[in-house]
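# Topology and contacts: notes
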Amino acid sequence: MAPAWAQQDKPAQEVYTCIDKSGRRITADRPIADCIDREQRILDHTGAERRRIGPTLTEHERAAQEVQRRKEAEQRARIAEERRRERVLLARYPDEATHREERLNALAQVDEVVAVAHKRIADLRGERKRIDVELEFYRRDPAKAPAKLQRQIAENDEAVAEQQRFIAAQDQEKRRIAQRFDAELAQLRQLWAAQRASAEQWTPPPGTR
């Protein structure tokens, strides 16, 4: 037969307590259903508080909370990425002269390929003059011109049109480059000003060292 003391109920290891919406204090040995919408304190058998649990959320509330957490995490990630880009920008362009030089270099590279395209057009027009000399023989009836000659005319016209489209695209590229550098410069001026202000804040006045 087991000792009588072994048959006695052991004290609860944890006690849950809370104040419900009616102002009543409730105590139980498990989470309290009437306090599902509010904080509950968890005590040990001596009455000392072990921890607290927050309100139990509904599935909809948990989903909304998770959406909010994701939004906050994305916002923090965006801010961190912006700060990283700012540091990279400042490292690349420590002053306005450096930024201006790179802008001129970028535009010059486009001008170089445009110059090549213009030279190609000049060469094609030279070829066209040679074709026109041959075509002069068929001036009275161009339809009698050999198929090879007609093909050369069509190919020459298409090649010139292709170079002209390329030049137009490069003009748009130059505008994009200018817009990008304008936007960068506006941002950099703010970053440079903040950088100078920070340096001045931490630089001791002359004679204080």
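To be clear, the structure that these remarks concern was listed above.
What comes next is a walk through the structure.

### Digging into the state of the cysteines
By the definition in use, this model includes one disulfide. Between the sulfur of C18 and that of C35 lies a disulfide, 1.8 Å long from S to S. Its S-S torsion of approximately 75° makes the covalent link between C18 and C35 right-handed. With a gap of 17 residues between them, C18 in strand β1 (residues 15-19) and C35 in the loop between β2 (25-28) and β3 (40-43) connect regions that are remote in the sequence. Residues C18 and C35 agree in their burial class; the two are buried.

### Some remarks on the nonpolar core
Grouped together as the largest cluster of nonpolar side chains are 15 residues, with contacts concentrated most on L89, Y93, I167, I177, F181, L188 and W192. Those elements that provide at least two residues to this core are α3 (96-135) and α4 (147-202). Top contributing element to this core by residue count: α4, with seven residues. The residues contacting I167, other than those within four sequence positions of it, are V114, A117, H118 and I121.

### Some words on the packing of α3 against α4
Closest axis-to-axis distance for the α3/α4 pair is 9 Å, and the angle between their directions is 170°. Viewed along their axes, α3 and α4 adopt a mutual orientation that is roughly antiparallel. Residues belonging to the contact of α3 with α4 are distributed by class as follows: 22 nonpolar, seven polar and 16 charged.

What counts as what
Residues numbered from 1 in each chain as written. Predicted model: local features only at pLDDT ≥ 70, side-chain atom pairs only at ≥ 80, totals over all residues. Heavy atoms only, no water. Disulfide = S-S within 2.5 Å. Helix = DSSP H or I, 4+ residues; strand = E, 2+ residues; numbered from the N terminus. Buried < 20%, exposed > 50% of the residue type's maximum accessible area, 1.4 Å probe, protein only. Core = buried A, V, L, I, M, F, W, Y, C linked by side-chain atoms within 4.5 Å. Contact = heavy atoms within 4.5 Å. Axes fitted to C-alpha atoms, helices over the stretch in contact; angles between N-to-C directions. Parallel < 35°, antiparallel > 145°, perpendicular 65-115°, else oblique. Nonpolar A, V, L, I, M, F, W, Y, C, P; charged D, E, K, R; others polar.

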